Amino acid sequence: MDIFSGQSRIYFMPELPEVETIVGGLKLELTGKKVKEFVFLSPHLKKKQPPSALSPDSYRGKRIKEIWRRGKRIIISFDSHEGLLIHLKMTGQLYLANPDQPVDKHTHARLRFSGMKKELRFRDIRKFGYLNCLKIAEIKEKVSAELGPEPLEIEFGDFSRLLKQYGKKRIKSWLLDQKIIAGIGNIYSDEMLFRAGINPERPAGQLWEEEARKLYRAMKALLRQAIKLKGSSVSNYVDLFGEKGEFQKVHRVYGKEGELCPHCRTAIRRKKINGRSSFFCPVCQPLKSGQE
DNA sequence: AGCCCATCCTGTCCGC
DNA sequence: TGCGGACAGGATGGGC
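Definitions and limits used
Residues numbered from 1 in each chain as written. Chains lettered and ligands numbered in written order. Predicted model: local features only at pLDDT ≥ 70, side-chain atom pairs only at ≥ 80, totals over all residues. Heavy atoms only, no water. pLDDT = per-residue confidence, 0-100. Contact = heavy atoms within 4.5 Å. Pairing = 2+ DSSP bridges. Helix = DSSP H or I, 4+ residues; strand = E, 2+ residues; numbered from the N terminus. Axes fitted to C-alpha atoms, helices over the stretch in contact; angles between N-to-C directions. Salt bridge = Lys/Arg side-chain N within 4 Å of Asp/Glu carboxyl O. Buried < 20%, exposed > 50% of the residue type's maximum accessible area, 1.4 Å probe, protein only.

### Remarks on the confidence of the model for chain A
Low pLDDT means the predicted atomic positions in that stretch should not be read closely. Across chain A, the average pLDDT comes to 88, with 88% of residues at 70 or higher. Here residues 1-10 scores under 50 on pLDDT; set against residues more than four positions off or in separate chains, the count is 14 contacts. Here residues 234-243 is a poorly scored stretch, pLDDT under 50, and it has 33 contacts once near neighbours within four places are set aside; other chains count.

As structure tokens, this is what we get:
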């Protein structure tokens, strides 16, 4: 498939459901595989390694033990102390390719495995992403220090407590803050606020109990639905980036400035909130909650 | 505490 | 047709 055909101005911007789908594919394909060769193809990834990083050479002969996701990050552990910590940011991609398929200037790493025809590649047009070679213990530490709870695991009591704790933040930036809750990006935050009928500029701590519950439910339902749609729409994980297939089914406001709200037919508005564009319906998501 | 702005980077789009 | 500038955004870090 051609994921770069430019039908949409929005590239990939993987958030929790996309990363979950990618990880699902990686698990199926790569668990137990032994590294034959691991090389950086451009200086970019090397520059992004922290001082404690391991050399890519030290992965040779090591077997992949586990692959999982935490927030938007992908973690790969090996049968020794090595690990890989990957963040795709906006335009990063992981995909399998035949080694004879040419690499372009945006492909920054390749990973070959014994007895496996295809190789894993890391590609990233805007170079915001990273693939760090670190001890798995260090990755686990880093990730738990930097990320809040998983939105699909958090219970309402904790969700509610966090709303109060960071209550002065506007709810949109509250949702985007990975230290508060991990894995939600600009698209899904707008979509869940729309579903919950909450204006993105409302202070987090000022949501009424009923609104907090609505948001909590919308968050879980939307993320689960997105994961399910992605999981069912792809047979091969190479397909899983971008805006193809079922993804649009969960897209109601994001990127739809000027289009009509599916509930009330008012024009969807776009506004910068904390430097991020936010899309919302001014009628279904009023700035005043209607209870004051 | 939380907002604002700049930074990183490249491709795309708009106006002249 | 071509060029320059604005824009997009996840995360971080400095200033207020």
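Further notes follow.
### Remarks on the sheet that holds strand β8 (residues 130-135)
Pairing between the strands of a sheet comes from backbone hydrogen bonds, and it takes one of two forms, parallel or antiparallel. Reading across from one edge, β2-β3-β4-β8 is the order of the four strands in this open sheet, with antiparallel pairing throughout. The open sheet has two edge strands, β2 (64-70) and β8, and neither has a second partner. Neighbouring strand axes in the sheet, compared pairwise and without regard to direction, differ in orientation by 20° on average. Examined bridge by bridge, strand β3 (residues 73-78) and strand β4 (residues 82-87) share five bridges and lie antiparallel to one another. Each bridged residue has a counterpart across the sheet, and for Arg73 the counterpart in β4 is His87. Across the sheet, helix α1 (residues 16-30) is in contact with β2 and β3; its angle to β2 comes to roughly 170°. Where helix α3 (residues 136-146) meets the sheet, it contacts β2, β3, β4 and β8, and its direction lies at approximately 120° from that of β8.

### Describing the pattern of salt bridges
Considering all chains together, one arrives at 19 salt bridges under this definition. Glu20 is the partner of Arg69 in a salt bridge, and the nearest nitrogen-oxygen pair spans 2.7 Å. Of this pair, Arg69 sits in strand β2 while Glu20 is found in helix α1, placing the two residues 49 residues apart along the sequence. Given a relative accessible area of 15%, Arg69 falls into the buried group. Here Glu20 falls in the partly exposed class, since its relative accessible area comes to 31%. We note a salt bridge from Glu82 to Lys62, for which the minimum N-O separation is 2.7 Å. In this pair, Glu82 sits in strand β4 while Lys62 sits in the loop between α2 (43-47) and β2, placing the two residues 20 residues apart along the sequence. Beyond isolated ion pairs, a larger network of salt bridges with shared partners links Glu37, Arg110, Arg112, Glu119 and Arg121.

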